[in-house]
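The chain contents come next:
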Amino acid sequence: LENVIIDDITLGVVFELNGSLAPGAWWNFTVVTVAETCDDVTNEAIASGEVNGIAVEAPDAHTVIVQCLGISIEKTGPPTVSSGLVYTYSITVTNTGPDNLCNVTVVDGDKTWTYTDNGGVLGPGMSWSFDYDATAPIVEWWEEPVNVENVATVTADGCECGCVSDSDNHVVLV
């Protein structure tokens, strides 16, 4: 096989073999790239060359499953509460990705919590749940009811690399 060319269509890279490739021989090369999204990546390439002056080619593809960090937060609370009373929010944070998460922190208004169980490592599929109390604002009987919207945000670092975050809100009628 003469004039061997590998055209990596996905990456836009062309490799040329200097010399010929004997029957039964192979040519191995590696291309390292970084997946820019969490979508699976299908890499397509075409090997081409000439055998006795006749053009030949062979396409091939390989799909790489890209695994990314993942985290979710769910915040719940009562739908209504009476003016000035204490009520409870529940927060659940889940590691939805394939890797350990470190420095897991929830911020909700002026409150901050940091995950410290398991050495501060939230493993794949693990959840962290906690409750906290809030006090409804005072709404006088002649005033219209008010919606109190409250947003909780979780952030975390991959213990090896990267970071991830998510937010959820809850509205309570007072």
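Report follows, based on the coordinates. (Residues numbered from 1 in each chain as written. Predicted model: local features only at pLDDT ≥ 70, side-chain atom pairs only at ≥ 80, totals over all residues. Heavy atoms only, no water.)

Next up on the list: the overall build of the protein chain. Of the regular secondary structure elements, the protein chain holds zero helices and 11 strands. When the elements of the protein chain are put in sequence order from the N terminus, they spell out β-β-β-β-β-β-β-β-β-β-β. At 28 Å, the protein chain has a C-alpha radius of gyration far larger than the 16 Å of a compact globule built from 174 residues. Projected onto its principal axes, the C-alpha coordinates of the protein chain cover approximately 95 × 40 × 20 Å. Per-residue burial for the protein chain yields a buried fraction of 26% across its 174 residues. Taking the contacts inside the protein chain whose residues are at least 6 apart along the sequence as the reference set, 59% of them involve residues at least 24 apart. For the protein chain, the accessible surface area stands at approximately 11,100 Å², while carbon and sulfur atoms represent 51% of it. (Helix = DSSP H or I, 4+ residues; strand = E, 2+ residues; numbered from the N terminus. Rg over C-alpha atoms; globule rule 2.2 N^0.38 Å. Buried < 20%, exposed > 50% of the residue type's maximum accessible area, 1.4 Å probe, protein only. Contact = heavy atoms within 4.5 Å. Areas by Shrake-Rupley, 256 points an atom, 1.4 Å probe, with all protein chains shown as cover.)

A separate point is the environment of Glu 143. Looking at the element boundaries, Glu 143 is found in the loop between β9 (127–135) and β10 (147–158). Given a relative accessible area of 39%, Glu 143 falls into the partly exposed group. For the pair Glu 143 and Ala 47, spaced 96 residues apart in sequence, the C-alpha separation works out to 76 Å. One polar contact links the side chain of Glu 143 to the main-chain amide nitrogen of Glu 140, over a distance of 2.8 Å. (Polar contact = N/O pair within 3.5 Å; in protein donor to acceptor, adjacent residues only side chain to side chain.)

Two orientations exist for strands paired in a sheet by backbone hydrogen bonds: parallel and antiparallel. Here three strands make up an open sheet; going across it, the order is β5-β6-β9 and the pairing antiparallel. Where the open sheet ends on each side, the last strands, each with one partner, are β5 (71–76) and β9. If you compare each strand with its neighbour and ignore which way they point, the axes differ by 20 degrees on average. Inspection of the sheet shows strand β6 (residues 86–95) paired to β9 by nine bridges, in the antiparallel sense. When the sheet's bridge partners are listed, Tyr 87 is paired in β9 with Ala 134. (Pairing = 2+ DSSP bridges. Axes fitted to C-alpha atoms, helices over the stretch in contact; angles between N-to-C directions.)

In this section: the sheet that holds strand β3 (residues 41–51). A sheet is described by the order of its strands in space; here four strands give the open sequence β2-β1-β3-β4, paired in antiparallel fashion. Strands with a single pairing partner mark the edges of an open sheet, and in this sheet they are β2 (13–16) and β4 (54–64). Across this sheet, the average inter-strand angle for adjacent strands is 15 degrees, counted without regard to direction. With 11 bridges joining them, β3 and β4 adopt antiparallel strand pairing. Bridging across to β4, Ala 47 finds its partner in Ala 58.

Another point: the packing of aromatic side chains. Considering all chains together, one arrives at seven aromatic pairs under this definition. Ring geometry for Tyr 87 against Tyr 89: centres 5.2 Å apart, planes inclined by 70 degrees, an arrangement best described as edge-to-face. Accessibility assignment for this pair places Tyr 87 and Tyr 89 in one class, buried. For the pair Trp 113 and Phe 130, a centre-to-centre distance of 4.9 Å together with 45 degrees between the ring planes defines the contact as tilted. Of the two residues, Trp 113 is situated in strand β8 (residues 111–114) and Phe 130 in strand β9; the sequence distance between them amounts to 17 residues. One aromatic cluster is present, formed by Tyr 87, Tyr 89, Trp 113, Tyr 115, Trp 128, Phe 130 and Tyr 132 through successive ring pairs. In this structure, Lys 75 is placed above the aromatic ring of Tyr 89, and the distance from its NZ or CZ to the ring centre is 4.1 Å. (Phe/Tyr/Trp six-rings, centres within 6.5 Å; stacked < 30°, edge-to-face > 60°. Lys NZ or Arg CZ within 6 Å of the ring centre and 35° of its normal.)

This part takes up the nonpolar core. Judged by nonpolar contacts, the single largest core of 22 residues is most densely connected at Ile 71, Ile 91, Val 93, Val 104, Val 106 and Trp 128. Elements that contribute at least two residues to this core include exactly β5, β6, β7 (101–108), β9, β10 and β11 (163–173). For Val 104, the residues in contact, after removing those within four places along its chain, are Ile 71, Val 93, Trp 113, Thr 114, Tyr 115, Leu 122, Trp 128, Val 154, Thr 155 and Ala 156. (Core = buried A, V, L, I, M, F, W, Y, C linked by side-chain atoms within 4.5 Å.)

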